[in-house]
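# Report on the structure
The lines below spell out each chain.
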Amino acid sequence: MTELEKLNAGLEYDFWDPKVDGLKIHALEWCRKLNAIPMQNTEEREAAIKSLFSSVGENATILPVFNCDNGKNIHVGKNFLTNYNVTILDIAPVCIGDYVMIGPNTLITTVNHPISPLGRRRHLGIAKPVSIGNDVWVGGNVTILPGVSIGNNVVIAAGAVVTKDIPDNCVAGGVPAKVIRNIENDIKEKD
Ligand SMILES: CC(=O)SCCNC(=O)CCNC(=O)[C@H](O)C(C)(C)COP(=O)(O)OP(=O)(O)OC[C@H]1O[C@@H](n2cnc3c(N)ncnc32)[C@H](O)[C@@H]1OP(=O)(O)O
């Protein structure tokens, strides 16, 4: 198996492998372009977001500085908003629904490194997908860890570290994040 095949199979891979490392080039180039486009050039920014991501719905707003690791592993629905300094390490797929807002300085990471120092000296990584449902507000300074699924109609409180799945219809917060309270979904068909 090549290192890329191992990565895509969810196995440990060598992140120094040139083909694995090469995935960053597209992201670095398009993040640099997107971050440099003035905010008032809406159409140019939307075109850059489309080039950066695998898929994105209408009305995407991404404030600078945005960074990601591949871009083509990011799938986003409509009405997506990220505030300043959001980072998505999309070594594995990151699937985000409709009407999702992400607060400043938030990190979504799909990648872990071994706990063993020998594994880290061998530059091993392991990637697991992250998914976020519809109508989710992720507050500022949140960290979402590899393999986590967040349901629909969820608020992640500022500063949370989300280590495990979060169900639908709740506010979750803390380190590690736990459900703080359940909330109603007041969305109707016409909304
Ligand atoms: C897209 C953007 O740009 S977002 C802009 C950036 N803004 C932010 O990041 C703000 C995020 N907002 C928060 O974190 C808010 O505290 C909210 C939305 C989670 C408040 O949610 P509510 O359900 O109304 O919480 P409420 O204020 O009633 O507090 C409920 C409990 O949760 C606790 N709590 C509230 N916020 C947090 C938090 N960030 N972390 C941990 N616990 C929290 C409260 O202390 C309280 O605990 P208690 O019952 O023991 O007293």
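In this text, all values refer to a predicted model and were calculated from it rather than measured experimentally. (Residues numbered from 1 in each chain as written. Predicted model: local features only at pLDDT ≥ 70, side-chain atom pairs only at ≥ 80, totals over all residues. Heavy atoms only, no water.)

With that settled, consider the sheet that holds strand 8 (residues 94–96). Pairing is parallel across the open sheet formed by five strands, whose spatial order is 2-5-8-13-16. The open sheet is flanked by strand 2 (55–56) and strand 16 (149–150), the only strands paired with a single partner. Bridge count between strand 13 (residues 130–132) and strand 16: two bridges; the pairing is parallel. Residue Ser 131 lies in a different strand from strand 16, and its bridge partner there is Ser 149. (Pairing = 2+ DSSP bridges. Helix = DSSP H or I, 4+ residues; strand = E, 2+ residues; numbered from the N terminus.)

We now examine the sheet that holds strand 3 (residues 61–62). Read across the sheet, seven strands follow the order 3-6-9-14-17-19-20 without closing on themselves; strand pairing throughout is mixed. The sheet is open, and its two borders are formed by strand 3 and strand 20 (178–182), each paired with just one other strand. Pairing geometry for strand 9 (residues 101–102) and strand 14 (residues 136–138), over two bridges, is parallel. The partner of Ile 102 across the bridge, within strand 14, is Val 138.

The subject of this paragraph is the packing of aromatic side chains. Taken as a whole, this structure holds two aromatic pairs when the rule is applied. When the centroid spacing of 5.8 Å and the interplanar angle of 65° are considered together, the rings of Phe 53 and Phe 66 count as edge-to-face. Of this pair, Phe 53 sits in the loop between helix 3 (42–52) and strand 2 while Phe 66 sits in the loop between strand 3 and strand 4 (67–68), placing them 13 residues apart in sequence. The exposure class of Phe 53 is buried, given its relative accessible area of 0%. With a relative accessible area of 0%, Phe 66 lands in the buried category. Both rings, one in Phe 53 and one in Phe 80, keep their centres 6.5 Å apart while their planes meet at 65°; by these two values the pair is edge-to-face. Separated by 27 residues along the polypeptide, Phe 53 in the loop between helix 3 and strand 2 and Phe 80 in the loop between strand 5 (74–76) and strand 6 (81–82) bring together distant segments of the chain. Grouping residues by exposure puts Phe 53 and Phe 80 together as buried. Taken together through their ring pairs, the aromatic side chains of Phe 53, Phe 66 and Phe 80 make up a single cluster. (Phe/Tyr/Trp six-rings, centres within 6.5 Å; stacked < 30°, edge-to-face > 60°. Buried < 20%, exposed > 50% of the residue type's maximum accessible area, 1.4 Å probe, protein only.)

With that out of the way, let us pick up unusual backbone geometry. In this structure, the amide linkage connecting Pro 64 to the following residue, Val 65, adopts the cis form with an omega of 0°. Tracing the backbone through its elements, the reader meets Val 65 in the loop between strand 3 and strand 4. Here the bond from Val 175 into Pro 176 is cis, since omega is -5°, no more than 30 degrees from zero. Inspection of the secondary structure puts Pro 176 in the loop between strand 19 (170–173) and strand 20.

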